[in-house]
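Chain and residue survey
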Amino acid sequence: MKLENLFKKVKIMNSALQDEILKLKEEKNAIILAHNYQPKEVQEIADFLGDSLELCIKASEIEDKDLVIFCGVDFMAETAFILNPDKKIVIPTLEAECPMAHMLPEDVLLKAKEEHPDAGVILYVNSIAEAKQHADTLCTSANAVKVTESLPHKKILFGPDKNLGTHVADKLKDKEIIHVPSDGHCYVHRLIHVEDIELKRKEYPNAEIICHPECKLEVQKACDVVMSTGGMLRHIAESDKEEFVIGTEIDMITRINSEVPGKKLYPLLEGAICNTMKLHTLEKIRDSLINEEPRVTLPSEVADKSRKAVEHMLEVSK
Ligand code: 13P
Ligand code: SF4
């Protein structure tokens, strides 16, 4: 079969599956929440797309739906559960884990807290719930600076993302940021180097270069703007500029392209792909709607203790 015909066939199959999903969604009174890094075909069937903070806020407002299908990684679905312990929160595949979130096990955080009893504890929302329950508050890439300012402590235990912690330390010189663990990171954003920026500046001299705060600080400094994925979308929609180089996961470009027409967007690194975000195929989403599985749940004690930190973050972000 010619390649062009194969693509046509895949597209028709996708749209039939998408129709089936939309029908099932109505029948089940379900809502599909999806992160900005989901592939195009998933973005197309989502009721709500957003960054981690926007998804958290949306999850706190779901009252009229019985079933939540969460197309993102594990910690995002867990946060939706923490905010809605009485609802059915389903993730199309449990394999969709964020490796960074697992870089800070509970015992490592407890040991750091023992060593620094005077420190406030801020965890990136990209963390496991067992660690979240010991945090004073949480943050996302959209509100990390604001949340850190909100704590009275001079000394802050911050984890698991060292680059986001360094971003905060660079903005708030009066705070002492202690990274826990010492080298937590996102493997996708770590692939981006200063040389990539130099190359794109030569290739697209008129483009503004934007990156995510999960990139190394030297990369952040070499870019023009640093922001969360939701921030990127708003910034580009409001900008008079036409060309942008996007330094984050490649499907962020899919999201911006579909909502902000007339802009020229180029990836800072074509290989910046979050593999686990791509595990939610249309087939798995359809099956998860039919079976209402796999469910995301947490022990009630862990969920209750973590809820305080999530709610503090949401309060500060208003
Ligand atoms: P955002 O909250 O900016 O979407 O980031 C989430 C994430 O996991 C980035 O890698
Ligand atoms: Fe985790 Fe990085 Fe994927 Fe974001 S892009 S979900 S931080 S692995």
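Residues numbered from 1 in each chain as written. Chains lettered and ligands numbered in written order. Predicted model: local features only at pLDDT ≥ 70, side-chain atom pairs only at ≥ 80, totals over all residues. Heavy atoms only, no water.

**Digging into the sheet that holds strand S8 (residues 176–179)**
Cut-off, in case you're wondering: Two strands make a pair as long as DSSP finds a minimum of two bridges between them. Numbering of helices and strands runs from the N terminus; a helix is a DSSP stretch of H or I covering at least four residues, while a strand is a stretch of E covering at least two. Each axis is a line fitted through C-alpha atoms, taken for helices only over the stretch in contact, and angles between the N-to-C directions span 0 to 180 degrees. Should any heavy atoms of two residues lie within 4.5 Å, those residues are counted as being in contact.
The 4 strands are arranged S6-S5-S7-S8 in an open sheet whose pairing can be described as parallel. Edge positions in the sheet fall to strand S6 (137–139) and S8, since each of these pairs with one other strand and no more. Pairs of neighbouring strands in the sheet enclose a mean axial angle of 30°, with direction left out of account. By the bridge criterion, 4 bridges tie strand S5 (residues 120–124) to strand S7 (residues 155–159) in an arrangement that is parallel. The residue of S7 that forms the bridge with Ile 122 is Phe 158. The sheet contacts of helix H8 (residues 162–171) involve S5, S6, S7 and S8, and relative to S8 the element is tilted by about 175°.

**Focus: the pairing of strand S11 (residues 243–247)**
This is how the line gets drawn: Type-normalised accessible area, obtained with a 1.4 Å probe on protein chains alone, sets the label of each residue: buried when under 20%, exposed when over 50%, and partly exposed for intermediate values.
S11 sits mainly inside the fold: 5 of its 5 residues count as buried. Of the pairings in the sheet, the one linking strand S9 (residues 208–211) to S11 comprises 4 bridges and is parallel in character. If you follow Cys 211 over to S11, its bridge partner there is Gly 247. Two strands pair when backbone bridges link them, and S11 and strand S12 (residues 264–267) are joined in this way by 4 bridges, in the parallel orientation. The partner of Phe 244 across the bridge, within S12, is Leu 265.

**Details of the environment of Asp 66**
Positionally, Asp 66 belongs in the loop between helix H3 (52–59) and strand S3 (67–71). A C-alpha to C-alpha distance of 6.6 Å links Asp 66 and Lys 88, two positions 22 residues apart in sequence. Contacts of Asp 66, omitting those with residues within four sequence positions, involve Lys 28, Asn 29 and Lys 88.

**Notes on the sheet that holds S11**
Strand order across the open sheet formed by 4 strands is S10-S9-S11-S12, with parallel pairing between neighbours. Among the strands making up the open sheet, the edge pair consists of strand S10 (225–226) and S12. Relative to S12, helix H12 (residues 251–259) is tilted by about 175°, and along the sheet it contacts S11 and S12.

**Structural notes on helix H13 (residues 282–291)**
To be explicit about the condition: Working definition: the arc comes from the directions between the helix axis and the C-beta atoms, pointing outward to the latter.
Those residues of H13 that fall on the buried side of the exposure criterion are Leu 282, Ile 285, Arg 286, Ser 288 and Leu 289. For H13, the angular spread of the buried residues around the axis is 165°, confining them to a single face. Downstream of H13 by a residue or two, Glu 292 has a phi angle that is positive, lying close to 55°.

**What to know about the site of ligand 1**
Put simply, the rule reads: For this purpose, a residue is taken to be near a molecule or strand whenever a single non-hydrogen atom of the residue falls within 4 Å of it. For this analysis, a polar contact is any N or O atom pair within 3.5 Å, provided that within protein one partner can donate a hydrogen and the other can accept it, and provided that sequence-adjacent residues contribute only side-chain to side-chain pairs. All accessibility values rest on the Shrake-Rupley procedure with a 1.4 Å probe; residue burial counts only the protein chains present in the view. Throughout, the protein atoms alone are placed on a 1 Å grid, and a set of points is a cavity if a 1.4 Å probe fits but cannot get out or a pocket if it is open with protein on both sides within 12 Å along at least five of seven lines; lining residues have an atom within 4 Å of a point. Molecules are considered to sit inside a cavity or pocket once more than half of their atoms lie within 2 Å of its grid points. In this classification, Asp, Glu, Lys and Arg are treated as charged, Ala, Val, Leu, Ile, Met, Phe, Trp, Tyr, Cys and Pro as nonpolar, and every other residue, Gly included, as polar.
His 35, Tyr 37, Asp 51, Ser 52, Asn 126, Ser 141, His 189, His 212, Glu 214, Ser 228 and Thr 229 make up every residue found near ligand 1. Tyr 37 places a side-chain nitrogen or oxygen 3.4 Å from an oxygen atom of ligand 1. Between His 212 and ligand 1, the recorded distance is 2.8 Å, taken from a side-chain N or O atom to an oxygen atom. Within the complex, the protein chains bury 96% of what would otherwise be the 310 Å² of accessible surface of ligand 1. Mapping ligand 1 onto the cavity grids shows that it belongs to the largest cavity. Looking at side-chain class alone, the shell around ligand 1 contains 1 nonpolar, 8 polar and 2 charged residues.

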